[in-house]
Amino acid sequence: MSHAKQVAINPSLLKPATWRANFVLKPDLKVLTTSIENYGILSPIVVQKESKTIIDGHHRIIAVSSSKKLSQQYAKSVPCVELDISDIEAMVLHIQKIS
């Protein structure tokens with residue numbers, strides 16, 4: 001079993017998963033962006049350790065990049081949890097997190 005490690009990662013290094021199974025509508029993304037502007041990123045982005053593929057938190061990264069204020073605030077790093085897991089394990093975890 002992989003141990004989670006909390007780290008700060010430059011958002012430009014994070015990659016969206018090609019197998020992502022969830023999408024957010026623009027009004028919901030605006031609500032998420034406003035929430036992050038008001039309270040910060042409350043849940044770290046979950047990524048695969050080696051590839052930096054996003055397992056959970058893709059929409060938080062989109063919110064950060066779509067807001068001038070947030071893109072400046074998080075230009076150098078965002079809070080992440082790295083997991084040393086395979087692609088299959090990452091896909092399964094992604095499905096479990098959105099269910």
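Just above sits the structure.
Participant: Looking at this structure, I do not really get the side chain of H58. What am I missing?
Facilitator: Tracing the sequence through the fold places H58 in helix 2 (residues 58–66). For H58, a relative accessible area of 13% translates into the label buried. In contact with H58, other than residues within four places in its own chain, are P16 and R20.

Participant: Looking at this structure, how should I read the packing of helix 1 (residues 26–39) against helix 2?
Facilitator: Each pair of packed helices gets described by two things: the angle between the helix axes and the distance between those axes. Direction vectors running N to C along helix 1 and helix 2 enclose 75°, while the axes themselves pass 9 Å from each other. Here helix 1 is positioned roughly perpendicular relative to helix 2, judged by the angle of their axes. Here L29, L32, T33 and I36 of helix 1 lie close against helix 2, whose contacting residues are H59, R60, I62, A63 and S66. Among the residues forming the contact of helix 1 with helix 2, the class breakdown is 5 nonpolar, 3 polar and 1 charged.

Participant: In this structure, what is going on with the nonpolar core? I would like to understand it.
Facilitator: Side chains of nonpolar character tend, in soluble globular proteins, to be buried together. Membership of the largest hydrophobic core comes to 16 residues, with the highest contact counts inside it found for L14, I45, Y74, V78 and C80. Residue assignment for this core shows that the elements contributing at least two residues are strand 1 (5–9), helix 1, strand 2 (45–48), helix 2 and strand 4 (78–83). When near neighbours in sequence (up to four residues on either side) are disregarded, I45 contacts L14, I54, D56, G57, R60, I61, V78, P79, C80 and V81. Counting 6 residues, the second largest nonpolar core, distinct from the first, contains V46, L83, I85 and A90.

Participant: Would you explain the pairing of strand 2 in this entry?
Facilitator: Every regular strand shows the same layout, with side chains that alternate between the two sheet faces. Neither face of strand 2 is left uncovered, since the one carrying I45 and V47 and the one carrying V46 and Q48 both have all their residues buried. Pairing geometry for strand 2 and strand 4, over 4 bridges, is parallel. Bridging from a neighbouring strand, Q48 pairs with L83 of strand 4. Direction of pairing for strand 2 relative to strand 3 (residues 54–56): antiparallel, over a ladder of 2 bridges. Across the sheet, the residue bridging to V46 is D56, located in strand 3. Here strand 2 folds back onto strand 3, and the loop between the two strands holds 5 residues, one of which, K52, carries a positive phi near 65°.

What counts as what
- Residues numbered from 1 in each chain as written.
- Predicted model: local features only at pLDDT ≥ 70, side-chain atom pairs only at ≥ 80, totals over all residues.
- Heavy atoms only, no water.
- Helix = DSSP H or I, 4+ residues; strand = E, 2+ residues; numbered from the N terminus.
- Buried < 20%, exposed > 50% of the residue type's maximum accessible area, 1.4 Å probe, protein only.
- Contact = heavy atoms within 4.5 Å.
- Axes fitted to C-alpha atoms, helices over the stretch in contact; angles between N-to-C directions.
- Parallel < 35°, antiparallel > 145°, perpendicular 65-115°, else oblique.
- Nonpolar A, V, L, I, M, F, W, Y, C, P; charged D, E, K, R; others polar.
- Core = buried A, V, L, I, M, F, W, Y, C linked by side-chain atoms within 4.5 Å.
- Pairing = 2+ DSSP bridges.

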